[in-house]
Amino acid sequence: MLDIQSSITTATNQSHDSIRAVNLIDLYYESKAKLIHKLLNQLSSVDASSSSSGGNEDGTSTTLGEAEMIVTRIVLILQYDVILHPYQIFVLRQFPTPSGVGGRNEDNQKTASDYLMSTLPSFDADVLKSKSSHFLAAHLPLIRSKVKTVLNTIAGTTASRLGHVRQILYDRTDGADCKVLLDSNGVCMWEEAVGGMVDVRVVSHGTSFSAPQQQQETLDGNNNAAAAPTTTKKFSLWSALFSSAFSSLVHSLLTTSFHSVHSRIISALRASLANAPPLHRILPHEAHRNALRIATELDLALKKVSDDAHELLVHAEEREESEQRLRQSLYVQTCEIMGRLLSELRRILAVSRNESEMNDKYLSNADATKELIVGRLCHLLKFRLTSLPKLLDPDSSPSALAAINKLSSASSSSYSAVGGSGTTAGAGKSGMITLMELQSSFDLADDDDDGLISFEEAMEAMESAFSGTPFRGAEMVRDTLLLSSSSSSTTAASTKDREDEGDLDDDNEPSSSTSGRGGGVSSGIGPRNVTLSELALLSARGLRHDTTGPYSARGTVQRALDDIVSSCFKIWGKVALYSHLELFKISLNEFVQTAASVSSLEWERQCGLYKGDEEKGEHELLMDEIGDAMMDDDDALGDNGEGVKKKKELKVGGVSSYITSYLLSASSVLNRSVCPSDSLPPVPSSEYALSLGVTVPTEKEGGFESIPNMMHTLRSAVLGEALCSLCEVLEECLLLHSKNKRVDEDEERDDEEEDLAAVSTATEVLPSLEKFNVSSLVQLLLDVTFVR
C-alpha cells in the first residue's frame, strides 16, 4: 500500500510539474508576444510619421533611425528571449551569468544558480520546441509584413540609407560578428540552440528562410525547393524576416523608379514639343540642346536607378547571389522600359498623321517640328545612353543566368527573374523562346504586313508564342505596357463590335482607345500597336536574346531607334521641301507649256540662247526667222534626202534654272537645320560603338568614323527627298506621251473602253512630248541627265 501511495503521489507531482511547466512556458511566450506587439505598434507610429513627413529628408532620416532601433530590438528578442535563453534555461537548465555559466568560478554564484534552477519544474524539450516554433511561425510573417510596409513607405528617395539599414540588419542576424557573439555565451552554440528550439517544418510554413549558402539553387525564395531534395534547410532570421522583404523592396523600387523615369522623359518631351516654334522658325542649336537634355536625363536616371538598387541590395556577405538577381532584374526591366519608351516615341509621331496619307493636302498644312525634335532625340539616344552596356549586359540576361544555374545545380533547378514569372520547366529546360518563334506568331497576327499589330493582337501572338512555357504572354503585354486587364478586355470587345459595325478608322483601331493605368503607353497616344522590335524588348523576361549583333537586346534597341530616325527625317524632308517642290512644279509646267507651243528658234530666243549674225541688219534677221519658221522639214531636204540648206546648229544652255533653284533651296533648308554640334563624330571608338550595339562598318568602309552623324543624317534626308521628288515629277512628264499612246491603242483595240479613255484624256493637263520643239527636248534631256 505504501508503494502504491508513493507511486500515486509521484505521478501527481509529475503531472503537477508538467502542468506548471506548460503554464510557465505559455506565460513566458505570452509576455514576449506582448513585447513584440508593443514594438510593432511603435513601428506603425514610425510608419505614420514617415507618411506625414511628405518626403522631407530630415524627417525621413529620423524615421529610418527610429525604425532601425525598433527592428534591432525585435531581432534581439527573437534571438535571445525566444531561442537562445529558453534553450539554455529550460532545456540545458544552465542559467547564464555575466561571469560564467552558473557561476562556476565562485561558489556563491553557483549556489544561487543551482537554487534558481531547482525552483523550476522539468520542461519537456519537445513541448518547448513546438511552442517556440509555433511562436515563430505566428510572429515572423507579422514582423516581416510590418517591416516591409515601413521600408516601402520610406524607400522613395533614400536608397543609400536603406542599403545601410539592410547591412545593419544582416549584421545583426546572420553577420559573422553576430554569430560570434551568440556563440560566446559559454553555455551552447547558436546552431545547437536553433536545432533544439526550431522545428523547420512548422516555421517554414509560408516562409522562406534558407541560409544564403543554400539559396544559390532557389534564388528569390521561389517554390523550387522540391527540385533540390538533397539541400538541407537551415533556419536563418535574416532570410525569414528581411531577405524576401528587401528583394521585394528592390523589385518595387525598380518598378516604381523605371515607371517614374518613363513618365519624366515623356513629360519632358511633350513639354519640348508643346513649346517648340513652327518649323520655319526653329533654331537647330536649340533643338539639339533640348534633345540632348532629354537624352542625358534618361541616361542619368537609368544610372541612378541601377546605383540605388545596388546600394540597397548588394552587400559583402551575399554579393555574388544578390548581385546576380539584381543584374537580371535590371536587364529585364531596362528592356521593358526601352520597349515601352520606343513604342511611345513612335506612336507620338502617329497622332496627327498617317504615313499612307502623305498627300498634297496634308503636306500643305503640315509642320514637321515634332518629327525633327523626335528624330534628333532618337539619334542622340543611339549614342548617348552609356548606361545600356552595363544594364543590358548579355551575361545578365535570364537565359544566360539560367544556363549558369543549370550548370551549377546538379538537380537542374529552375530559375526566374526578380519580379518575373516563375519558370519551372522540367528536364533542364528554361522555358524561354527564341526571336524566330516570336516572329512567327507576330507574322501570323500581322494580316496586312505593315509591321504593326494592335495591343490585342499582340496579346494573342504572345500567348501563342509562349504556349507550353510557364510564362503568360497576355499578362506580359499587359504588365509591360501598363495595361489593366479590364481595359484590355473592354477594348478588345469594343474593337470586335466596331468591326462588325464597320466603325473603325484607317489603322483598324477604335477611334477612341481606352486608357490604361497612369503613366502607361495606352493613354490615348496614337494608335494602340507595337512592332516586332518593341515586342522583343517587352518580352525580355521570357525571350532568349542573342549575345551580340542586331538581334541582341542592345542591337534591338538600335534597330528600333534607326526605324524611328528614318521615319522622322523622311517626313521632315517632305514637309520642309514641299513649298519649294510646288514652285518647281509650277516652273516645270511653264517649261512644258512653252516647249509645246513655240518653235525652236523662239525657244532659244526666250531662253537667251539665240544670237543673230552681227553683219545682218535687223530687218534681214527678222526675215530669216520668218523663213525658218515657215519652212517644213520636207522643204529643207532635196529629192535625194540631202539638205538643200545648211542646218542650224542646236543651241543648248546649262541646266534649267528651276532645277538648280530647287536644289539650292534644298541646300538652304539643310543649312538652316544644322548646327556645329551636328558635325561632331557620334562615337569616339569602335569599342564604344559596339558596346552600345551599333553596327560598326569595316575598315574598308571607313570604320567607326564612317558612322553617320546628325549632319550626314539630315543631308541624306534632304538630298534623298530632293532627288526622289525631282525624279517623280520628271518621270511624270516623260512618261506622259507613252501613257497617251497606250490609251489610244486601247481605244482602237477595245471600243468598250472608250469612256475610260475619254476620262483619262480629260484629266491630262500637260501636252505630250510630240509637241515639244527640238531644243526643248534637248534641254529636257540635259536636265534629266543632270538629275540622274
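Here the structure is a predicted model, which means the values were calculated and not measured.

The rules behind each value
Residues numbered from 1 in each chain as written. Predicted model: local features only at pLDDT ≥ 70, side-chain atom pairs only at ≥ 80, totals over all residues. Heavy atoms only, no water. Helix = DSSP H or I, 4+ residues; strand = E, 2+ residues; numbered from the N terminus. Buried < 20%, exposed > 50% of the residue type's maximum accessible area, 1.4 Å probe, protein only. Contact = heavy atoms within 4.5 Å. Axes fitted to C-alpha atoms, helices over the stretch in contact; angles between N-to-C directions. Parallel < 35°, antiparallel > 145°, perpendicular 65-115°, else oblique. Left-handed = near helix turned anticlockwise from the far one by under 90°. Expected span 1.5 Å × (residues − 1). Salt bridge = Lys/Arg side-chain N within 4 Å of Asp/Glu carboxyl O. Polar contact = N/O pair within 3.5 Å; in protein donor to acceptor, adjacent residues only side chain to side chain. pLDDT = per-residue confidence, 0-100.

A few words on the environment of aspartate 783. Looking at the secondary structure, you find aspartate 783 in helix 29 (residues 774–787). The buried category is assigned to aspartate 783, whose relative accessible area is 0%. Sequence separation of aspartate 783 and isoleucine 659 is 124 residues, and the distance between their C-alpha atoms is 7.7 Å. With near-sequence residues (within four places) excluded, aspartate 783 lies in contact with Val655, Ser656, Tyr658 and Ile659.

Packing of helix 21 (residues 553–597) against helix 24 (residues 657–673) brings their axes to within 9 Å, and their N-to-C directions diverge by 165°. One element, helix 21, and the other, helix 24, form an angle in the roughly antiparallel class. Helix 21 and helix 24 meet at a crossing whose hand is right-handed. Contact residues: Trp572, Ala576, Leu577, His580, Leu581, Phe584, Ser587, Leu588 and Phe591 in helix 21; Tyr658, Ile659, Tyr662, Ser665, Ala666, Val669 and Ser673 in helix 24.

With that settled, the discussion passes to helix 29. Between the first and last C-alpha of helix 29 there are 20 Å, a value that for 14 residues agrees with the 20 Å anticipated at 1.5 Å per step. Of the positions making up helix 29, those classed as buried are Ser775, Ser776, Gln779, Leu780, Asp783, Val784 and Val787.

Going through the model one piece at a time under the given rule, you end up with 13 salt bridges. Here aspartate 299 ties to lysine 303 by a salt bridge, and the two come within 3.8 Å at their closest N and O atoms. Taken together, the positions of aspartate 299 and lysine 303, both in helix 10 (residues 284–313) and four residues apart, correspond to about one turn of that helix. On the basis of relative accessible area, aspartate 299 is assigned to the buried category, the value being 7%. Across the pair glutamate 534 and arginine 346 runs a salt bridge whose closest N-O atoms are separated by 2.8 Å. Here glutamate 534, found in helix 20 (residues 532–538), pairs with arginine 346, found in helix 11 (residues 319–349); they are 188 residues apart in sequence, far enough to count as distant.

For the pair helix 13 (residues 369–384) and helix 21, the least separation of the axes is 8 Å and the interaxial angle reads 150°. By the angle between their directions, the pair helix 13 and helix 21 is classed as roughly antiparallel. Helix 13 and helix 21 meet at a crossing whose hand is left-handed. Counted together, Glu371, Leu372, Val374, Gly375, Arg376, Cys378, His379, Leu381 and Lys382 of helix 13 and Gln558, Leu561, Asp562, Ile564, Val565, Cys568, Phe569, Ile571 and Trp572 of helix 21 form the full contact between these two elements.

The residue aspartate 678 is located in the loop between helix 24 and helix 25 (686–691) in this model. Within the local environment of aspartate 678, its side chain forms a polar contact with the backbone nitrogen of cysteine 675, the two atoms lying 2.9 Å apart.

Right, let's talk about the environment of valine 374 for a bit. Relative to the assigned elements, valine 374 resides in helix 13. Residue classification places valine 374 among the buried residues on the basis of a relative accessible area of 0%. With 190 residues separating them along the chain, valine 374 and isoleucine 564 place their C-alpha atoms 8.3 Å apart. Excluding residues that lie within four positions of it along the chain, valine 374 makes contacts with Leu269, Leu345, Leu349, Ile564 and Cys568.

Right, let's talk about the confidence of the model for the protein for a bit. Model confidence for the protein is summarised by a mean pLDDT of 74, while 66% of its residues fall at 70 or above. Confidence drops under pLDDT 50 across residues 752–764; counting only partners more than four residues distant or on other chains, this segment forms eight contacts.

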